[in-house]
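Observations on chain architecture
One letter stands for each residue in the lines below.
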Amino acid sequence: MNIDIPEGRDPIEYVWGEMVPGIGTAASGFSLAVYAHTTLGLREFEAARLRIAQINGCSFCLDWRTERDGRRVEDGFADAVTGWRTADTFDDRTRLAAEYAERYATDHHGLDDEFWSRMTSHYSQTEIVELSMSIGAWLAFGRLNHVLGLDTMCVLPGH
């Protein structure tokens, strides 16, 4: 852990809610809104989210699986995300979500006309903005958790 947490305090609650309440509470609300208000399909949502988790190295994010209506992506999905270029279980939208997440995080200046042509042929403008905001949230907050060492302090429900 790279910051001091008062004895007996939950690190996540302290950092995200109390340490900087004017920012942490708003950031927490934005992070939660990505999950509560998404219109994206579960597989494309998770492909983008997991690719960012892999790039960030956030332990908590890597272990997390989004659940929607009692469903989660299949076992092995995270491995397929790692190999998104050749994953034979991905449709075009899922593959593009993983690609966009990776390029957004590692080469956002390289998003060229050819890429945008493919994106706009599979995603609406609204979906592109939603996916961009989601990726931005995961990138920022996953890195925050990892850099500060909070990702090793998070405990998934049921673990």
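So, here's what we can say about the structure. Being a predicted model, the structure only gives us computed values, none of them experimental.

Once that is clear, we can look at the packing of aromatic side chains. Aromatic ring pairs are defined here through the distance separating the ring centres and the angle between the ring planes. According to the stated counting rule, one finds twelve aromatic pairs in the structure shown. Plain terms: the ring middles of F45 and W138 are 5.0 Å apart, the flat faces sit at 85° to each other, and that makes the pair edge-to-face. Of this pair, F45 sits in helix α3 (residues 42-56) while W138 sits in helix α8 (residues 125-148), and the two are 93 residues apart along the sequence. Among the aromatic residues, those joined into a ring-pair cluster are Y35, F45, F60, W64 and W138.

In a packed pair of helices, the relevant descriptors are the angle between the two axes and the axis-to-axis distance. At a minimum axis distance of 8 Å, the contact between α3 and helix α6 (residues 92-106) shows a crossing angle of 30°. As the angle between them shows, α3 and α6 are arranged roughly parallel. The handedness of the crossing between α3 and α6 is right-handed. The segment α3 lies against α6, with R43, E44, A47, A48, R51, I52 and I55 engaging R93, T94, A97, A98, A101, E102, A105 and T106. Class assignment for the residues of the contact of α3 with α6 results in eight nonpolar, two polar and five charged.

A word on the nonpolar core. The tendency in soluble globular proteins is for nonpolar side chains to be buried as a group. The biggest cluster of nonpolar side chains holds 39 residues, and the ones touching the most others in it are M119, Y123, L131 and I135. Of all the elements in the fold, those that place two or more residues in this core are α1 (11-19), α2 (21-36), α3, α5 (77-82), α6, α7 (113-122) and α8. Element by element, the count of residues in this core is highest for α8, at seven residues. Setting aside residues up to four positions removed in sequence, M119 forms contacts with L96, Y100, I128 and L131.

For the structure shown, the criterion picks out eleven salt bridges. Between R93 and E127 there is a salt bridge, with its nearest N and O atoms 3.1 Å apart. On the criterion of sequence distance, the pair formed by R93 in helix α6 and E127 in helix α8 is long-range, its members being 34 residues apart. E127 matches R93 in its accessibility class, with the two residues each being buried.

There is about 640 Å³ of room inside the largest pocket. Along its surface, the largest pocket is lined by 24 residues, and I12, S31, L32, F60 and N145 are the ones closest to its centre. Of all the secondary structure elements, the ones that give two or more residues to the lining of the largest pocket are α1, α2, α3, α4 (59-63) and α8. Ranked by residue count, the leading element in the lining of the largest pocket is α8, at five residues. Tallied by class, the residues present in the lining of the largest pocket amount to 16 nonpolar, five polar and three charged.

Conventions we followed
Every chain is numbered on its own, with residues counted from 1 as its sequence reads. Where totals are concerned, whole chains, interfaces and linings use all residues; where local detail is concerned, this predicted model gives features only for residues with pLDDT of at least 70, and gives and counts side-chain atom pairs only at 80 or more. Side-chain numbers come from the whole structure's heavy atoms, not from hydrogens or water. Note on aromatic contacts: the rings of Phe and Tyr and the six-membered ring of Trp form a pair at centre separations within 6.5 Å, being stacked when their planes are under 30 degrees apart, edge-to-face when over 60 apart, and tilted otherwise. Helix numbering and strand numbering both begin at the N terminus, where a helix is a DSSP run of H or I of at least 4 residues and a strand a DSSP run of E of at least 2. Fitted lines through C-alpha atoms give the axes, limited to the stretch in contact for helices. The angle between two N-to-C directions lies from 0 to 180 degrees. An angle counts as roughly parallel when it lies under 35 degrees, as roughly antiparallel when it exceeds 145, as roughly perpendicular when it falls between 65 and 115, and as oblique in every other case. Should the near helix be turned anticlockwise from the far one by less than a right angle, the crossing is termed left-handed; should it be turned clockwise, right-handed. Here, two residues are considered to be in contact whenever any of their heavy atoms come within 4.5 Å of each other. All amino acids are sorted into three groups, where Ala, Val, Leu, Ile, Met, Phe, Trp, Tyr, Cys and Pro are nonpolar, Asp, Glu, Lys and Arg are charged, and the leftover types, Gly among them, are polar. Definition of nonpolar core: a set of buried residues of the types Ala, Val, Leu, Ile, Met, Phe, Trp, Tyr and Cys, connected through side-chain atoms within 4.5 Å. Burial here depends on accessible area, computed with a 1.4 Å probe over protein chains only, as a share of the maximum for the residue type. Under 20% is buried, over 50% is exposed, and the range in between is partly exposed. One speaks of a salt bridge when a side-chain nitrogen belonging to Lys or Arg is within 4 Å of a carboxyl oxygen belonging to Asp or Glu. In the cavity and pocket records, a cavity denotes points on a 1 Å grid over the protein atoms alone where a 1.4 Å probe fits but cannot get out, a pocket denotes an open set with protein on both sides within 12 Å along at least 5 of 7 lines, and lining residues are residues with an atom within 4 Å of a point. Grid points are joined across faces, edges and corners, and a volume is the space filled by probe spheres set on the points.

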